[in-house]
Amino acid sequence: MLVALTVATSVAALALAAWCGFAAYRDQPTKDWHFIGMGVVTLLTLVQLIVGIVQLARGEDPEQGTTIFVAYLIGSFACVPAAGFMSLAERTRWGSVTVAAGGVVLAVLEVRLFDIWGG
């Protein structure tokens, strides 16, 4: 895996979590600009998914197994969009809390992906 991409995705996810956490603190639901931030983070996870699949196709193997690596790649890609859809259903401050939690979960998934690959 590309270390720079993993770090960038983790930092972006934590920034999104802080941003949405601040919105929740101010008793605000997720707004359009939060969804733009979710789109940026999701784009980073899509690039990571593609890079991971390409590396697997080239014959590189993760240290802890291909199945678990692919599962974490897919989970990372789905994490923020799932939180975004849930925040649409909850148009209160708790929608912002949901996205903030999704950002923290994504950062943890990124650390785990790095460990699975053998970082």
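Residues numbered from 1 in each chain as written. Predicted model: local features only at pLDDT ≥ 70, side-chain atom pairs only at ≥ 80, totals over all residues. Heavy atoms only, no water.

In the nomenclature of an unreviewed UniProt entry, the chain is known as Membrane protein of Streptomyces alboflavus.

Chemist: Before we go on, may I ask you to explain the pattern of salt bridges in this structure?
Modeler: For side chains of opposite charge, pairing can occur when their charged atoms come near one another. Going through the model one piece at a time under the given rule, you end up with 2 salt bridges. Arginine 93 is the partner of aspartate 27 in a salt bridge, and the nearest nitrogen-oxygen pair spans 4.0 Å. In this pair, aspartate 27 is assigned in the loop between helix H1 (3-25) and helix H2 (32-57) and arginine 93 in helix H4 (residues 93-117), connecting sequence segments 66 residues apart. Arginine 93 gets classed as partly exposed once you look at its relative accessible area, which sits at 31%. Taking the shortest distance from any N to any O, the salt bridge between arginine 58 and glutamate 60 comes out at 3.4 Å. The exposure class of arginine 58 is exposed, given its relative accessible area of 58%. (Salt bridge = Lys/Arg side-chain N within 4 Å of Asp/Glu carboxyl O. Helix = DSSP H or I, 4+ residues; strand = E, 2+ residues; numbered from the N terminus. Buried < 20%, exposed > 50% of the residue type's maximum accessible area, 1.4 Å probe, protein only.)

Chemist: What is the right way to look at the packing of aromatic side chains in this model?
Modeler: What describes a pair of aromatic rings is the distance from one ring centre to the other and the angle between the planes of the rings. Counted according to the given criterion, the structure contains 2 aromatic pairs. For the ring pair phenylalanine 69 and tryptophan 117, a centre distance of 5.0 Å and an interplane angle of 50° mean the geometry is tilted. With phenylalanine 69 in helix H3 (residues 66-89) and tryptophan 117 in helix H4, this pair connects stretches of sequence that are 48 residues apart. Both residues of the pair, phenylalanine 69 and tryptophan 117, count as buried. Cation over ring: arginine 93 sits above tryptophan 94, and NZ or CZ is 5.7 Å from the ring centre. (Phe/Tyr/Trp six-rings, centres within 6.5 Å; stacked < 30°, edge-to-face > 60°. Lys NZ or Arg CZ within 6 Å of the ring centre and 35° of its normal.)

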